[in-house]
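# Residue-level structural notes
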Amino acid sequence: QSDGMDISTLREVVSTCMLADNDVNAIEIVSEMLILDNDINRSEKLAMFCMTTLWILARKSDANKHKIIFEGRTLEAIVEAMTFHRENSLDIQTRACGLLWSLAVNA
């Protein structure tokens, strides 16, 4: 396990943020966990959860897209996770490409 929270706790925290319309915190938490996991474990499950969550949030608004692209290291972490999982997970590649496409188009 990483030094961060486990995936079930992460799901609960992010779900709570999203239900409260607190997308900013959801993006920050998911991004921090993806960055941490890229540095430590490179978990396929966690990367998939993060890609899926960021994809959902990117599709919600241009403000979310801006946060994902321009604030912190989220965009870099997405590409890093794709690189780490290029040999073992077509699902991560597919979801990450969908996320990147969603970031590129207007809401």
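Described below are features of the structure shown in this document. Every chain is numbered independently, its residues counted from 1 as its sequence is written. Local features are withheld for residues below a pLDDT of 70 in this predicted model, meaning they are given only at 70 or higher, and side-chain atom pairs are given and counted only at 80 or more; totals for whole chains, interfaces and linings count all residues. Values shown for side chains rest on all heavy atoms present in the structure; no hydrogens or waters enter the calculation.

## Notes on the environment of T83
Segments assigned H or I by DSSP are reported as helices when at least four residues long, segments assigned E as strands when at least two residues long, and all are numbered from the N terminus. Checked against the element boundaries, T83 lands in helix α5 (residues 74-84). Each C-alpha atom of the pair T83 and Q93 lies 8.8 Å from the other, and the pair is 10 residues apart in sequence.

## A look at helix α1 (residues 7-19)
Spanning 13 residues, α1 covers 18 Å between terminal C-alpha atoms, matching the ideal 18 Å at 1.5 Å per step. Structurally, α1 contributes buried residues whose contacts are with α2 (23-39) and α3 (44-60). In the stretch just after α1, D21 is the one whose phi turns positive, near 60°. To estimate the expected span of a helix, subtract one from its residue number and multiply by 1.5 Å. Every residue pair with non-hydrogen atoms within 4.5 Å of one another is taken to be in contact.

## Focus on unusual backbone geometry
Peptide bonds are trans in most cases, and residues, glycine excluded, mostly fall at negative phi. In this model, D21 sits at a positive phi of 60°, which is unusual for a non-glycine residue. Within the secondary structure layout, D21 lies in the loop between α1 and α2. Notably, R42 is not glycine yet its phi reads approximately 60°, a positive angle. As for its position among the elements, R42 is in the loop between α2 and α3.

## Describing the packing of aromatic side chains
In this description, an aromatic ring pair is defined by two values, namely the gap between the centres and the angle between the planes. Pairing of aromatic side chains requires ring centres within 6.5 Å, counting the rings of Phe and Tyr and the six-membered ring of Trp. Pairs whose planes differ by under 30 degrees are stacked, by over 60 edge-to-face, and all others tilted. Per the counting criterion, the structure on display carries zero aromatic pairs. Its guanidinium or amino end placed over the ring of F84, R42 lies 3.6 Å from that ring's centre, counting from NZ or CZ. Ring-over charges, as used throughout, are those where CZ of Arg or NZ of Lys falls within 6 Å of the ring centre and within 35 degrees of the ring normal. Across from the ring centre of W55, 4.9 Å away, lies the NZ or CZ of R95, which sits over that ring.

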